[in-house]
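Breakdown of the fold
What follows is each chain in one-letter form.
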Amino acid sequence: MSTVVENIPQVTSAKGVKLPIYMDYHATTPLDPRVLEAMLPYFTEKFGNPASRNHPFGWAAEEGVENARAQIAKLIGATAKEIIFTSGATESNNLAIKGVAEMYREKGNHIITAVTEHKAVLDTCKRLEKYGYRVTYLPVAKDGLIDLEDLKRAIDDKTILVTIMAANNEIGVLQPIEEIGKICRERVVLFHTDAVQAVGKVPIDVNKQNIDLMSITAHKLYGPKGVGALYVRRKNPRVQVSALIDGGGHERGMRSGTLNVPSIVGLGKACAIASEEMAAESKRLAALRDRLKQSIMSRLDETYVNGSEEHRLPGNLNISFAYVEGESLLMGINDIAVSSGSACTSATLEPSYVLKALGAGDDLAHSSIRFGIGRFNTEAEVDYVADKVVSTVLKLRELSPLYEMAKEGIDLSKVKWAAEAH
Amino acid sequence: MAYSDKVLDHYSNPRNVGSMDKNSNEVGTGLVGAPECGDVMKLQIKVNPQTHIIEDAKFKTFGCGSAIASSSLATEWVKGKTVDEALQIKNTEIVKELALPPVKIHCSVLAEDAIRAAIGDWKKKQAVTEPVAVAAK
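For the structure given in this document, a descriptive report is provided here. Along each chain, the written sequence defines residue order, and numbers are assigned to residues from 1. Whichever chain is written first is A, and whichever ligand is written first is 1; the rest continue in order. Per-residue local features are limited, in this predicted model, to residues with pLDDT of at least 70; the limit for side-chain atom pairs, both in listing and counting, is 80 or more; totals at the level of whole chains, interfaces and linings are taken over all residues. For side-chain calculations, the full set of non-hydrogen atoms in the structure is used, while hydrogens and water are omitted.

This paragraph deals with the packing of aromatic side chains. All names here are of chain A. For this analysis, a ring pair means two rings from Phe, Tyr or Trp (six-membered ring only for Trp) whose centres lie within 6.5 Å, classed as stacked if their planes differ by under 30 degrees, edge-to-face if by over 60, and tilted for the remaining angles. Enumeration over the complete set of coordinates arrives at five aromatic pairs over all chains. Relative to Phe 57, the ring of Phe 47 has its centre 5.4 Å away and its plane inclined at 40°; by these criteria the two rings are tilted. Of this pair, Phe 47 sits in the loop between helix H1 (33–39) and helix H2 (56–76) while Phe 57 is found in helix H2, placing the two residues ten residues apart along the sequence. Note on Tyr 222 and Phe 376: the rings are 5.9 Å apart at their centroids and 85° apart in plane angle, and the pair reads as edge-to-face. Here Tyr 222, found in the loop between strand E9 (213–217) and strand E10 (228–232), pairs with Phe 376, found in the loop between strand E15 (368–372) and helix H11 (379–398); they are 154 residues apart in sequence, far enough to count as distant. Exposure classes here rest on a 1.4 Å probe applied to the protein chains alone. A residue is buried below 20% of its type maximum, exposed above 50%, and partly exposed in between. A relative accessible area of 37% places Phe 376 in the partly exposed class. An aromatic cluster of at least three residues, connected via ring pairs, comprises Tyr 22, Tyr 25, Tyr 222 and Phe 376. Remark: a charge is flagged as sitting over a ring if the NZ atom of Lys or the CZ atom of Arg is within 6 Å of the ring centre and within 35 degrees of the ring normal. Positioned above the aromatic ring of Tyr 222, the side-chain terminus of Arg 375 is 3.9 Å from the ring centre. Helix and strand definitions here come from DSSP, where helices need a minimum of 4 consecutive H or I residues and strands a minimum of 2 consecutive E residues; each element is numbered from the N-terminal end.

Another aspect to go through is the packing of helix H3 (residues 89–103) of chain A against helix H4 (residues 119–130) of chain A. Residues and elements named next belong to chain A. A fitted line through C-alpha atoms serves as each axis, taken over the contacting stretch for helices, and the angle formed by two N-to-C directions is quoted from 0 to 180°. At a closest axis distance of 9 Å, the pairing of H3 and H4 adopts a crossing angle of 30°. Between H3 and H4, the angle is such that the two are roughly parallel. At the point where H3 passes H4, the crossing takes the right-handed sense. Residues Thr 90, Asn 93, Asn 94, Ile 97, Lys 98 and Ala 101 of H3 pack against Ala 120, Val 121, Thr 124, Cys 125, Arg 127 and Leu 128 of H4. Tallied by class, residues from the contact of H3 with H4 come to six nonpolar, four polar and two charged. Working rule for angles: under 35 degrees goes down as roughly parallel, over 145 as roughly antiparallel, 65 to 115 as roughly perpendicular, anything else as oblique. Left-handed is the label given to a crossing in which the near helix is rotated counterclockwise from the far helix by less than a right angle, and right-handed is the label when the rotation is clockwise. Throughout, a residue-residue contact means that at least one pair of heavy atoms, one from each residue, lies within 4.5 Å. Lys, Arg, Asp and Glu make up the charged group, whereas Ala, Val, Leu, Ile, Met, Phe, Trp, Tyr, Cys and Pro make up the nonpolar group; the residues left over, Gly among them, are polar.

Time to look at H2 of chain A. All names here are of chain A. The length a helix should cover is 1.5 Å for every residue beyond the first. The first and last C-alpha atoms of H2 sit 30 Å apart over 21 residues, in line with the 30 Å expected at 1.5 Å per residue. Buried positions along H2 lie against strand E4 (83–86), E9, E10 and helix H7 (261–297). Just past H2, the residue Gly 77 takes up positive phi, approximately 75°.

The next subject is the interface of chain A and chain B. Tallying the contact residues gives 29 residues for chain A and 33 residues for chain B. Computed with a 1.4 Å rolling probe, the buried area is the accessible surface lost when two parts are put together, summed over both parts. Contact between chain A and chain B buries roughly 2,600 Å² in total, counting both sides, with carbon and sulfur atoms accounting for 66%. Definition used for salt bridges: Asp or Glu carboxyl oxygen within 4 Å of a side-chain nitrogen of Lys or Arg. The interface formed by chain A and chain B contains four salt bridges. The residue Lys 22 of chain B makes a salt bridge to Glu 408 of chain A at a minimum N-O spacing of 3.8 Å. Within 3.5 Å is the distance limit for a polar contact, defined as a pair of N or O atoms, with the added protein rule that one can donate a hydrogen and the other accept it, and that residues adjacent in sequence qualify only through two side-chain atoms. Inspection of the chain A/chain B interface yields 14 residue pairs in polar contact (both at pLDDT 80 or more).

With that settled, consider the packing of helix H4 (residues 91–98) of chain B against helix H5 (residues 105–127) of chain B. Residues and elements named next belong to chain B. Interhelical geometry of H4 versus H5 gives an angle of 130° and a closest axis separation of 8 Å. When the axes of H4 and H5 are compared, the pair comes out oblique. Crossing geometry of H4 relative to H5 is assigned as right-handed. Here Asn 91, Ile 94 and Val 95 of H4 come into contact with H5, specifically with Ile 105, Ser 108, Val 109, Ala 111 and Glu 112. Its residues placed into classes, the contact of H4 with H5 shows five nonpolar, two polar and one charged.

Residues and elements named next belong to chain B. Pairing between strands requires that DSSP locate at least two bridges from one strand to the other. Spatial strand order, E1-E2-E3: three strands in an open sheet with antiparallel pairing. Each edge of the sheet is formed by a strand with only one pairing partner; in this case those strands are strand E1 (27–34) and strand E3 (54–62). Strand-to-strand twist of the sheet, defined as the mean angle between neighbouring strand axes without regard to direction, takes the value 10°. The sheet strands contacting helix H2 (residues 65–78) are strand E2 (39–47) and E3, and the helix crosses E3 at an angle near 175°. Seen against the sheet, H5 touches E1 and E2 and runs at an angle of roughly 145° to E1.

Residues and elements named next belong to chain A. Relative to the helices and strands, Asp 24 is located in the loop between strand E3 (21–22) and H1. Given a relative accessible area of 11%, Asp 24 falls into the buried group. Not counting residues up to four positions away in its chain, the partners in contact with Asp 24 are Ala 337, Val 338, Ser 339, Arg 370 and Gly 372.

As structure tokens, then:
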């Protein structure tokens, strides 16, 4: 039986831009060709199991894995032994949170996180609540940042873990992890950060930032899907986590299972590239992002950037276009791959909980678009995207009863909406 | 999500977009939905005072492509019908015509609500001169 996989159809715009344009780099990234090249030998001639200690096939695979471990460690200021390979960030987050919860149960049962965390963190914490753990969900301010005073107040003598993400996947907001790490160290509480969006994009140093556990994934970093890592601090303090997956005792007993060697090699190579190129790349991406923002916002009224512009990933832009619904906007720009916080684009029919947490109001959450700019985007693509977004928003505002009412001077927040049916 | 060709057609070429004078006695205006739910539809009808035939219809919609398509289709369908005939339009017919998936059925419900609200508004205006019972929802 064979399966026919169709290619994504491509066309070229009048100005020579290849369509569709991928601008959803927070969702995933394409593999960097250099990463693929590094991986390929490990599918074929270097196919061995790194746990095979008695023959050259095993040694070759082990060498690839250990080299990758060192490459990852270098990017984040860790040592190679502190890197535990997993299947991705969801597993890393689960292992960090559940692993610490179980291991430190004697010490306490309280965990602190924030409302804008990824579901892999929030739902893990929710599950622990069922098993008798207490979880504090810190609110965020309008700019998406947590208040450090809130964090200090939340820590009590039963607190075992603070888990706060480094960069948010929707709004790109960077939490003050160095300050958080400092507070946790002073109060002798472990600090885990989901740094999936941040690693390789902004400088991370686990020692300078007092990070005890950190989740990493390859596919946000121009590496392959299905592989990630958890940084687990080995000294000052020595952190231990209970395993979620039992078996052959791989990865110092924290994560059994034969290592996914080609993907691990890919993750390592992706980190090595980031170590070399991050500084220049983040400058370039920030310039593209600012160009996109400028081009859109100079031509449209009532558009708002969601989240702090100062503490932000270089490639992230999240804009709400008032009076326009996100999914209809996506339909109009269907030759551009971006995502929306609109309810209609989610399986739950709820607008983005991250944007709601900023207090922007559900209507602005419905009207939001996330642009994720990355390594392979060009200036010409940014210009095409800006033009297309502007013309589509103008068209949809012509169609929008809300825009018409606002222009008539009606205060939409005072209107009594007949929406009992929903 | 993949859209049906008919939804795409209404989205790309929405029919009867615009507004009519909401203070006119011949015009009924329905405004349904809420911004925080992600859908607001405004549907207006212009009714011939003698024949009660809907001679014109206009809409504006804030919402997803299916919501825009449902309201665009609703304006097409009410035109040329009497108000009583227009009240017979069911959301299930809109679902069928546009091939809406289950998660988009609420868009068709909203379009039906909009038709009823516009007719209700028009009837209210007529009640000032000649009493007509407003159809209970």
